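What follows is the residue order along each chain.
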Amino acid sequence: MGLMMNDDAVLIKKGKNPGDPHVITVNCPDKTGLGCDICYTILDFGLYITKGDVSTDGKWCYVVFWVVPSSGSHVMWMNLRDRLLSICPPSIPLFYAPNPCAPSSPVYLLKFRSLDRKGLLHDVTRVLDELELTIQRVKVSTTPDGCVLDLFFIKDNLALLHTSSRQEETCEKLKSVLGDSIIGCEIQLPSSQYDSLQCANACLSPGTSEELFRSTLSELDPRLQALSPDVTELKRAIVKIDNTLSPVHTLLQINYVDHKGFLYDIMRTLKDHNMQISYGRFSTVRNGHRELDLFIQHSDGKKIVDPDKQASVCSRLKLELLHPLRVLITSRGPDTELFIANPVELSGRGRPRVFYDVTFALKSLGICIFLAEIGRHLAAGREWEVYRFLLDDSCSPKFPSSKQIVDKVRRTLMGW
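Residues numbered from 1 in each chain as written. Predicted model: local features only at pLDDT ≥ 70, side-chain atom pairs only at ≥ 80, totals over all residues. Heavy atoms only, no water.

Each helix and strand in the protein chain was counted, giving 11 helices and 18 strands. Expressed as a percentage of its 416 residues, the buried residues of the protein chain come to 51%. At a minimum sequence separation of 6, the contacts of the protein chain that also span at least 24 residues come to 70%. For the protein chain, the accessible area works out to roughly 19,100 Å², and carbon and sulfur atoms hold 53% of it. (Helix = DSSP H or I, 4+ residues; strand = E, 2+ residues; numbered from the N terminus. Buried < 20%, exposed > 50% of the residue type's maximum accessible area, 1.4 Å probe, protein only. Contact = heavy atoms within 4.5 Å. Areas by Shrake-Rupley, 256 points an atom, 1.4 Å probe, with all protein chains shown as cover.)

So this is what it looks like as structure tokens:
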């Protein structure tokens, strides 16, 4: 017999006053990685988790998160509720509703031409974000006549892009934001000629790859991943495991510098290690630090007692929290290249809103983007999502230094 999800599984209570946190409650059957999926979705909607509680008996979970929108975010609360409902495991027999599962969207190609200007790429990205269109791959290039040719491979979280009305809505919204600068806009299923772009691997030189995926940031070369005081502070983090307080759970204690996506980075690491949280409490930020106490188990319900596994999960958590995103800038002849890399989940899913945040940071610096690409790369025994931007220094009277660019991009990505 099929199953469906009760609509009361997700409740959102908005704050009474401006600035007050909104409360998201998820009450549904449990599964390994559900906390990761919830945190991913919340991050994808531009929300920041201030505190939270998680509890489960292995079959049913109860999650409460207090959230606030990031600066400039326009949150579609009903869409967020629907998305959270779609990731909850089903609980009620099918005969109560005929359509229990939301259809998944294929990848579509959004292709348009426009005149180039500062901030163009971020404005397009913001429109797609507001329409709940997720960017899978992108190829953006500037032609010799000063026009921009954009190829966005996108998925529709509403699963409606196959309809002419949804396609028209998307192009009309782009035209309303870009104005007369837009020359053409069309949406279609990509033909075989675009297969190489959809499966593109990031082209990195050996030196760039070595620096981008190293386990420690360089303090010697300010041109590359120069450490700001915020990043230096990250090294003072604590990750500990204790098996003496519970007969059936392992206590994981974390004290770390807060950043955007902090809980997602922890949850995805535990998910990739096939571990689940039985109970967790996430405190509010104190002096820039976040404290977490998580009672965890293997997915088979056993404690983490193997010293090697304990060391492995602690080491990986420290690495993921220290380097959730890699930012690197290099010069190749007269060109300035910016690279951002983030680890991909074992499920193949990349980090949300990276392209949005990077294009926002570059727009705020007044930097034009000559070329942009998203690809995948295998390094250090795992898959990475790599964003490559070729920066144009001709549209800014005073081009920022490499250190300024890296610092601004990293701060935007980390929410500092």
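Moving on from the model shown.
Right, let's get into the sheet that holds strand β16 (residues 335-343). The strand order across the open sheet formed by 8 strands is β10-β7-β9-β8-β17-β18-β16-β15, and the pairing between neighbours is antiparallel. Looking at the sheet topology across the chains shown, the edges are occupied by β10 (182-188) and β15 (326-332). Shown here is a sheet whose adjacent strand axes are inclined to one another by a mean of 25 degrees, direction ignored. Note that strand β17 (residues 368-379) and strand β18 (residues 382-392) share 11 bridges and pair antiparallel. Residue L378 lies in a different strand from β18, and its bridge partner there is E383. On top of the sheet, helix α10 (residues 354-364) reaches β8 (133-142), β9 (147-156), β16, β17 and β18; it is set at about 25 degrees to β18, its chief contact. (Pairing = 2+ DSSP bridges. Axes fitted to C-alpha atoms, helices over the stretch in contact; angles between N-to-C directions.)

Taken as a whole, the protein chain shows an average pLDDT of 85; of its residues, 87% reach a score of 70 or greater. Predicted confidence is poor over residues 218-227, with pLDDT under 50, and the contacts of this stretch with residues over four places away or in other chains come to 30 contacts. (pLDDT = per-residue confidence, 0-100.)

Two pairing modes exist for strands in a sheet, parallel and antiparallel, and in both the strands are linked by backbone hydrogen bonds. An order of β2-β3-β5-β4-β13-β14-β12-β11 is seen for the 8 strands of this open sheet, with the pairing classed as antiparallel. Each end of this open sheet is capped by a strand with a single partner; those strands are β2 (10-13) and β11 (238-242). The sheet shows a mean angle of 25 degrees between the axes of neighbouring strands, taken without regard to direction. Relative to strand β12 (residues 250-257), β11 runs antiparallel, the two being bridged by 5 bridges. What sits directly across from I238, in β12, is N255. The strands that helix α2 (residues 77-87) touches are β2, β3 (22-29), β4 (47-56) and β5 (60-69); relative to β2, the one it contacts most, it runs at about 155 degrees.

Turning our attention to the nonpolar core. Among the nonpolar cores identified, the biggest contains 50 residues, and I38, L47, F65, I254, I266, L270 and L294 are the most heavily contacted of them. At 7 residues, helix α1 (residues 34-44) tops the list of elements feeding residues into this core. By size, the runner-up hydrophobic cluster in this structure holds 44 residues, among which are C171, I329, I340 and L362. (Core = buried A, V, L, I, M, F, W, Y, C linked by side-chain atoms within 4.5 Å.)

Take the packing of helix α8 (residues 262-272) against helix α9 (residues 307-322) next. In contact at an axis separation of 10 Å, α8 and α9 are set at 145 degrees when each is read in the N-to-C sense. The hand of the α8/α9 crossing is right-handed. Only V313, R316, L317, E320 and L321 of α9 make contact with α8, whose side of the interface consists of F262, D265, I266, R268, T269 and L270. Along the lines of polarity and charge, the residues of the contact of α8 with α9 split into 6 nonpolar, 1 polar and 4 charged. (Left-handed = near helix turned anticlockwise from the far one by under 90°. Nonpolar A, V, L, I, M, F, W, Y, C, P; charged D, E, K, R; others polar.)

Before going further, it helps to spend a moment on α8. Along an α-helix, a turn takes 3.6 residues, which lines up residues three or four apart on a common side. Within α8, 9 of the 11 residues are buried, leaving the element largely enclosed by the surrounding structure. Buried within α8 are the following residues: F262, L263, Y264, D265, I266, M267, R268, T269 and L270. Looking one or two places after α8, you find N274, whose phi comes out positive at around 60 degrees.

Phi is positive for A159, which is not a glycine, with a value near 55 degrees. With respect to the helices and strands, the residue A159 is situated in the loop between β9 and α4 (164-178).

Before going further, it helps to examine the state of the cysteines. Tallying each qualifying case throughout the model produces 1 disulfide. The side chain of C171 participates in a disulfide bridge whose partner is C185; the two sulfur atoms lie 2.2 Å from each other. Looking along the S-S bond of the C171-C185 disulfide, the torsion reads about -75 degrees, which is the left-handed sense. In this pair, C171 is assigned in helix α4 and C185 in strand β10, connecting sequence segments 14 residues apart. We classify C171 as buried; its relative accessible area is 10%. (Disulfide = S-S within 2.5 Å.)

Our next topic: the side chain of K260. Mapped onto the elements, K260 comes out in the loop between β12 and α8. Separated by 2.9 Å, the side chains of K260 and D357 make a polar contact. If we skip the residues at most four places from it in the chain, K260 touches L43, S70, R351, D357, T412, L413, M414 and G415. (Polar contact = N/O pair within 3.5 Å; in protein donor to acceptor, adjacent residues only side chain to side chain.)

A word on the environment of L321. Mapped onto the elements, L321 comes out in helix α9. Using a relative accessible area of 0% as the deciding quantity, one classes L321 as buried. In sequence terms L321 and F262 are 59 residues apart; their C-alpha atoms lie 7.3 Å from each other.

This paragraph deals with the pairing of β16. Within β16, 8 of the 9 residues are buried, which leaves the element mostly enclosed by the surrounding structure. As paired strands, β15 and β16 are joined by 7 bridges and run antiparallel to one another. Residue pairing across strands places R326 opposite A341, the latter belonging to β16. Hairpin geometry of β15 and β16 is characterised by an intervening segment of 2 residues between the two adjacent antiparallel strands and by a positive phi of about 65 degrees at G333. Across 8 bridges, the pairing between β16 and β18 is antiparallel. Residue pairing in the sheet places T336 in a bridge with L391 of β18.

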